[in-house]
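Letter by letter, the chains look like this.
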Protein chains: 2
Amino acid sequence: MSIIVLGTVALDTVKTPHGVKKHMLGGSAVHFSMSARLFTDVHLVAIVGKDFPRRHINFLEKKGIVLDSLIRDPGKTFRWEGEYEGDLNTAFTKKTELGVLLTFCPRVSGEQMHIKNIFLANVDPDIQTRLLGCMHKPRLVGLDSMNYWIHHKKKSLLELLKKVDIYVANDREARDLTAEHNLMKAAKALRRFGPEMVLIKKGEHGVLVYSDKFVFCLPAYPTDRVIDPTGAGDTFAGAFMGHLSRQKKINVAAVKRAAAYGTIAASFNVEAFGLDNTSRFSLKDIDKRLARFRQICLF
Amino acid sequence: MSIIVLGTVALDTVKTPHGVKKHMLGGSAVHFSMSARLFTDVHLVAIVGKDFPRRHINFLEKKGIVLDSLIRDPGKTFRWEGEYEGDLNTAFTKKTELGVLLTFCPRVSGEQMHIKNIFLANVDPDIQTRLLGCMHKPRLVGLDSMNYWIHHKKKSLLELLKKVDIYVANDREARDLTAEHNLMKAAKALRRFGPEMVLIKKGEHGVLVYSDKFVFCLPAYPTDRVIDPTGAGDTFAGAFMGHLSRQKKINVAAVKRAAAYGTIAASFNVEAFGLDNTSRFSLKDIDKRLARFRQICLF
């Protein structure tokens, strides 16, 4: 089954100890799509400005992403500039130009309204709510957010949390939203906000999946080539949701495998700048590394 | 086969968000012994002062720890006072009274010199080196240290690293000793210092086992009852080394299982103050939780 993703399409400028890359194609919806496309059809809902290079559109189309609901607006494309230092775990935002995001009102076609799997990638929770309101009887709704919205639109975010099945947060967001330091306590508190399943992404430390029925812990794939972690969380979510979207039954085994796919997809993402790896990798590459990952985790 | 552990016996005063406990029996060799005793005979090499309560001696004897090389000196027992805040991942040392540790010269009996499994728990690396020099043809030597020695006795520590099989460090120590942020890079750098196997303990984030032949990653056992993490690393090492000590062949499967035992033993340790849990638990308790841990990790 197809999946529809709402989020940002951005031009990213990133500085890491490995170099600087300017105006790369990025954004939450793009990084999500790059891994989700390996599993299912991906429909992207986002906005770009008139400065958005035609070659990026061609690139996304070539990757099979459905762009029917990618709005092109007269304003400027959303731009983010960030820097990573030391262990590359935390991004320091140097500049954000919202541009067309300020007036973004998502729209989907009549057909797209019936897509059953939805991912609300990081964007203003009011926009996420609006998109969700357009959709007819979704089967699976995943949500990501970020600290900015936790602090500036907490009420909207809490309302939205009641309506989603899966909430994907990083450890800092989980702690900020719940005021719990212990991640198991934080996961339980997030569960009480509504979503049946909570995923806490811990960057280089892996992921914790929490639901009333089971708990699942997975380390990150160990790599010593961390070049640019931008979009790793979205890449994780793309593979995770992508795998679940094509499962008839979403049971424990499916969720565990989805989290493992997410982990491996994210490991490819961090090993290169921007989309350099994820625009090229295949499900075969992921399966190969997953087999190695099993050896690394099994006991 | 028996194991001999060199380290500290301490009187710990610990403050956590869950309360304050004064002058508890603690120290690296004691925490190590509490979990290692479940797997094999444990011989303890350490020093205490004349203020050391007789009841603690009785307690250790009752737990089956061999105290033939526990020196009783006229001075004061080593005391440590620490506090944990927030996520309880980092201890802030408020006070250290070295006491008898200042003049500690370890000695072992003629019989003990032939014990084949050795763990050099955290204590001055010169003292660790001296003890190791007394031992006849060891089969397996494990080493732990701490940031203080990395910064104050780096040369001694680096010399010692050439002589051990397994080095157990926490993430901060690994980074400080190697100047590498990435833990895989740090593990590889530590391997080059000498030890065939490197374990990097990441507290609530689990453990990374690195050797030339294999890599193994394990998350921590997820618990929301973190009461007092003091001694968790030593408890981990005790179960890890304890399991390996009784294996005829130390292969990949044995190391993985040992790391899993260490993880579970450490989870019991953090769920109570001092030795409250680890003085009472059994191998049956550990095996039971290990079975649950498998479900949590397997995919």
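Quick notes on the rules
- Every chain is numbered independently, its residues counted from 1 as its sequence is written.
- Chain A is the first chain written and ligand 1 is the first ligand written, with later ones labelled in order.
- With pLDDT at 70 or above as the cut-off, local features in this predicted model cover only qualifying residues; side-chain atom pairs require 80 or more to be listed or tallied, and sums for whole chains, interfaces and linings still use all residues.
- Side-chain metrics rest on all non-hydrogen atoms present in the structure, leaving aside hydrogens and water.
- Only heavy atoms enter the contact rule, under which two residues are in contact if any of them lie within 4.5 Å.
- By buried area we mean the combined loss of accessible area, with a 1.4 Å probe, across both parts when two parts are placed together.
- The rule for a salt bridge is simple: a side-chain nitrogen of Lys or Arg has to be within 4 Å of a carboxyl oxygen of Asp or Glu.
- Here a polar contact is recorded for every N or O atom pair within 3.5 Å, except that within protein the pair must consist of a potential hydrogen donor and a potential acceptor, and residues adjacent in sequence are included only if both atoms are side-chain atoms.
- Counting from the N terminus, the helices are the DSSP runs of H or I reaching at least four residues and the strands are the DSSP runs of E reaching at least two.
- Centres within 6.5 Å are what make two rings of Phe, Tyr or Trp a pair, Trp counting through its six-membered ring; a difference in plane orientation under 30 degrees is then read as stacked, over 60 as edge-to-face, and the rest as tilted.
- Remark: exposure states derive from per-residue accessible area (1.4 Å probe, protein chains only) relative to the maximum for the residue type, with buried under 20%, exposed over 50%, and partly exposed in between.
- Strands are labelled as partners when DSSP assigns at least two bridges between them.
- Orientation is described by axes fitted as lines to C-alpha atoms, over the contacting stretch for helices, and by angles from 0 to 180 degrees between their N-to-C directions.
- Working definition of a nonpolar core: buried Ala, Val, Leu, Ile, Met, Phe, Trp, Tyr and Cys residues. They are joined through side-chain atoms within 4.5 Å.
- Each direction from the helix axis to a C-beta atom contributes to the arc, which is the arc of those directions.

A. Expanded view of the interface of chain B and chain A. Contact with chain B, which involves 31 residues of that partner, is made by 31 residues of chain A. Interface area for chain B against chain A, summed over the two sides, is near 3,000 Å², with a carbon-plus-sulfur share of 59%. Interface area lost by chain B to chain A is led by His205, Asp224 and Phe299 of chain B, which between them contribute 25%. Our count for the contact surface shared by chain B and chain A stands at four salt bridges. Close ionic contact of Asp224 of chain B with Lys188 of chain A constitutes a salt bridge, the shortest N to O distance being 2.5 Å. At the junction of chain B with chain A, the criterion picks out 14 residue pairs in polar contact (both at pLDDT 80 or more). For the side of chain B that touches chain A, the secondary-structure elements that each account for two or more residues are α7 (183–192), β13 (215–218), α9 (252–270) and α10 (283–297) of chain B. Counting residues per element, the side of chain B that touches chain A draws most heavily on α10 of chain B, at six residues.

B. The environment of Asp41 of chain A, seen in detail. Residues and elements named next belong to chain A. Counting through the fold element by element, Asp41 comes out in the loop between α1 (28–36) and β4 (42–48). In the structure, Asp41 is positioned 204 residues away from Ser245 in sequence and 9.6 Å away in space, judged by C-alpha atoms. If near-sequence neighbours (up to four positions away) are discounted, Asp41 is found in contact with Ser2 and Ile3.

C. View of the environment of Arg280 of chain B. Residue and element names in this part refer to chain B. Examined against the element boundaries, Arg280 turns out to sit in the loop between α9 and α10. Taking C-alpha positions, Arg280 is 30 Å from Met113, a pair spaced 167 residues apart along the chain. Dropping the residues within four chain positions of it, Arg280 is found in contact with Arg37 and Asp285.

D. Spotlight on the packing of aromatic side chains. All names here are of chain B. Scanning all chains against the criterion turns up 16 aromatic pairs over all chains. When the ring of Tyr221 is compared with that of Phe293, the centres are 6.0 Å apart and the planes differ by 55°; the resulting orientation is tilted. One end of the pair, Tyr221, is in the loop between β13 and α8 (232–245); the other, Phe293, is in helix α10, with 72 residues separating them in the sequence. Like Phe293, Tyr221 is buried. Ring centres of Phe236 and Phe240 lie 6.0 Å apart, and the angle between their planes is 10°; on these two criteria the pair is classed as stacked. Of this pair, Phe236 and Phe240 are both found in helix α8, four residues apart, which corresponds to roughly one turn of the helix. By the burial criterion, Phe236 is buried, and Phe240 matches it.

E. How the structure looks around the sheet that holds strand β6 (residues 79–84) of chain B. Residue and element names in this part refer to chain B. The four strands are arranged β3-β2-β6-β7 in an open sheet whose pairing can be described as mixed. At either margin of the open sheet sits one strand with a lone partner, and together these are β3 (19–26) and β7 (91–97). Adjacent strand axes in the sheet meet at a mean angle of 20°, parallel and antiparallel pairs treated alike. Pairing analysis gives six bridges linking strand β2 (residues 10–16) to β3, with the strands arranged antiparallel. By the bridge assignment for β3, Lys15 is matched with Val20.

F. Quick look at the nonpolar core. Core analysis: the biggest nonpolar cluster contains 220 residues, and Leu120 and Phe240 of chain A together with Leu120 and Phe240 of chain B have the highest contact counts within it. Excluding its chain neighbours within four sequence positions, the residues that come into contact with Leu120 of chain A are Leu6, Gln128, Leu131, Leu132, Val141, Gly142, Leu143, Asp144, Leu160 and Val164 of chain A.

G. Main features of helix α2 (residues 54–62) of chain A. Residue and element names in this part refer to chain A. Taken together, the buried positions of α2 are occupied by His56, Ile57 and Leu60. Take α2 and look down its axis: the buried residues cluster within an arc of 100°, on one side only. For α2, the exposed residues lying more than 90 degrees away from the buried face are Arg55 and Lys62. Check the buried side of α2 and you find it contacts β2 (10–16), β3 (19–26), α1 and β5 (66–72).

Read these as geometric descriptors, not functional statements.
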